[in-house]
Amino acid sequence: MKEFDIEEELKKLPNLPGVYLMHSDSEEILYVGKATSLHNRVRQYFRKGHGHGGSLKIAKMVSQISYFEYIVTGSEMEALVLECNLIKEYRPRYNTLMTDDKGYPYIRVTVDEAYPRILYSHHMRRDKSKYFGPYTDGKAVHDIILLVQRLFRLRTCNRNLPRDIGKERPCLYYQIGQCSGPCSEGLVSREEYNEQIRQAMAFLKGDTHELLSRLKQQMKEHAAAMEFEKAAEVRDLIESINHIMDKQRMNDTNAENRDIIAYARGEKDTVITVFFVRDGQLIGRENHHMSADAAEPDDEVLGEFIKQYYNSTPYIPKEILTRITVPDTEILLSWLSEKKGQKVSLLQPQRGDKAGLLSLAEDNARLVLEQDMERIKKKEKRTIGAVREIADLLQIRNASRMEAFDISNISGYHSVASMVVFENGEPRRNAYRKFRLRTVEGPDDYASMKEVLTRRYTNEKLGPLPDVLMMDGGKGQVHIAEMVLDSLGLEIPVCGMVKDDHHRTRGLYYKDQEVEFPKGSEAMHMITALQDETHRFAITYHQLLRSKGQVHSILDDIPGIGEKRRRALLLHFKTMEALQAATVEDIAALPELDKRSAQSVYDFFHPQKDKAP
């Protein structure tokens, strides 16, 4: 992708904290990193003579960078957490030191208990507790928990309350005034204790102004009384609060799924930025370009985008956040709720974390409008533009979600299947799926495809149905898929991705005809990428299973064929297809095989039908 001028793009980098993503020619994300200053950090990669710590791996990565993109954040802490989320999402090949799925600590409030506790947690789990975080400083988290327990006189014991109330005398923490004593009768009511919990949770949400004012006054009083050790202790508490309560808009631990939609407008161009929050985690963003005259009202432009975007996007979140109300909101919400199958909300937050995320999305949209408009236009031509080309070529309504399947017999080993998903022209790796065939023995493409497609399209957990199904093969594979889909009562267009004699993508086989791509078209480039990704994913999965000893060769199932003869067959015929096409005489020509074993191999691939008496 030589059209991307690195030097020109480097000049546009803002001197702000954020996350940067390095891309290859094929759109693969090579590396995700964070920076206090995007301007300074990203430039270092392309500066001649910069050592990168002497790392050959980083030097190799830099040689593969075709372009980069970035997301501006509100602070370095936000950048760090977003970096972690994006690495988990994309698993970039050069982030090897950061792919151990290490989590950040949370503060957990056990609100499902009658007398809740505040605890340290390494993960946010799907339980009834309330979580705050994640945070990046484990020591500070411990400090804030101790602080909250002491300030709001909360229990630290593991007693089962109210079952154990009155069984033992109050502990030392009650005696020194750091616990209200819910373990003893008459010291604090359940209502009073839960009010203390409510205040503690308000504090953890960021409502620290009143508490900080009180602590600062205490510090002054201790200093005036020359109680300097106590004053220093309160000072340290204030510093811990300021450190840990640094706003983290990049994460919302309400475990909701929402899209945040912001926009920035110029005279002729509009940039729409969509932030994706899934399970309370900001996992990424997309930028979209719209051609809109400056005279068109903002609400109409935004409303038109929402209709077009969610009409072609399979997933609809529970909440959609925007700055302004769009026209025909009630009708729009009815339509979205019907598509999703449950209620969808369209909100305009004015304050709090949601409003903070919306402001951050607006900042990113403005930066893209000012600095990256040409790149966004080129990218949309390669992605959304290619999707439209494919839909037009096939004369179908939409091709936004494409699923591609590959059934692979690799080096004589049992079949595995892969499913790769492209949405709006880009890989959706978290939607990829791997299948180990359960019911098929031997090289039976129809049975293999029937099993895989049946498992895929009868399991709602594997995602929404695609707009078009792409098979890694020609006429035979397409007809097999069509038969399977018909038996399931599904009407999904099926295409075969056809290659020429040089193994380059030539066209699509659709409705018993080959549809050729215009030479050099974006549609051709996209289908090539889809076909290559499907094959790569299948090969990678097969190699993983073989390395674990979890698959064996199809040839091992043939009577009379052991390790020596299997190796001889594979070395001579190279592929399963060549071996299947061989005659008994061709097989018997190998020195390692005799006539009987050759016949056994032939019969395995060509099972004889029952002969009539």
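For the structure itself, look to the data block above.
With that out of the way, let us pick up the sheet that holds strand 2 (residues 29-35). On the basis of which strands lie adjacent, the open sheet formed by 3 strands has the order 2-1-3 and antiparallel pairing. Each edge of the open sheet carries a strand with a single partner, namely strand 2 and strand 3 (67-72). Across the sheet, the axes of successive neighbouring strands diverge by a mean angle of 20 degrees, strand direction being ignored. Pairing between strand 1 (residues 18-23) and strand 3: 6 bridges, direction antiparallel.

What the second largest pocket holds in volume is close to 870 Å³. Ser 26, Glu 27, Glu 28, Pro 427 and Arg 429 are the residues nearest the centre of the second largest pocket, which is lined by 30 residues in total. Going through the elements one at a time, helix 4 (76-90), helix 13 (373-382) and helix 17 (522-547) are the ones with two or more residues in the lining of the second largest pocket. Ranked by residues supplied to the lining of the second largest pocket, first place goes to helix 17 with 8 residues. Looking at the lining of the second largest pocket residue by residue, the classes come out as 9 nonpolar, 5 polar and 16 charged.

Along the chain, the position of Glu 389 falls in helix 14 (residues 384-394). Considering only alpha carbons, one finds Glu 389 and Ala 523, 134 residues apart in sequence, at a separation of 5.8 Å.

Backbone hydrogen bonds hold the strands of a sheet together, and the pairing may be parallel or antiparallel. Spatially, 3 strands are ordered 5-4-6 in an open sheet, and the strand pairing comes out antiparallel. Both edges of this open sheet fall to strand 5 (118-121) and strand 6 (130-132), since each of them pairs with a single strand only. Pairs of neighbouring strands in the sheet enclose a mean axial angle of 30 degrees, with direction left out of account. Lying on the sheet, helix 7 (residues 190-204) is in contact with strand 4 (106-109), strand 5 and strand 6; it crosses strand 4 at an angle near 160 degrees.

Conventions we followed
- Residues numbered from 1 in each chain as written.
- Predicted model: local features only at pLDDT ≥ 70, side-chain atom pairs only at ≥ 80, totals over all residues.
- Heavy atoms only, no water.
- Pairing = 2+ DSSP bridges.
- Helix = DSSP H or I, 4+ residues; strand = E, 2+ residues; numbered from the N terminus.
- Axes fitted to C-alpha atoms, helices over the stretch in contact; angles between N-to-C directions.
- 1 Å grid on protein atoms, 1.4 Å probe; cavity = no way out; pocket = protein on both sides within 12 Å on 5 of 7 lines; lining within 4 Å.
- Points joined across faces, edges and corners; volume = space filled by probe spheres on them.
- Nonpolar A, V, L, I, M, F, W, Y, C, P; charged D, E, K, R; others polar.
- Contact = heavy atoms within 4.5 Å.

So far we have only geometry, and geometry alone does not tell us how the molecule works.
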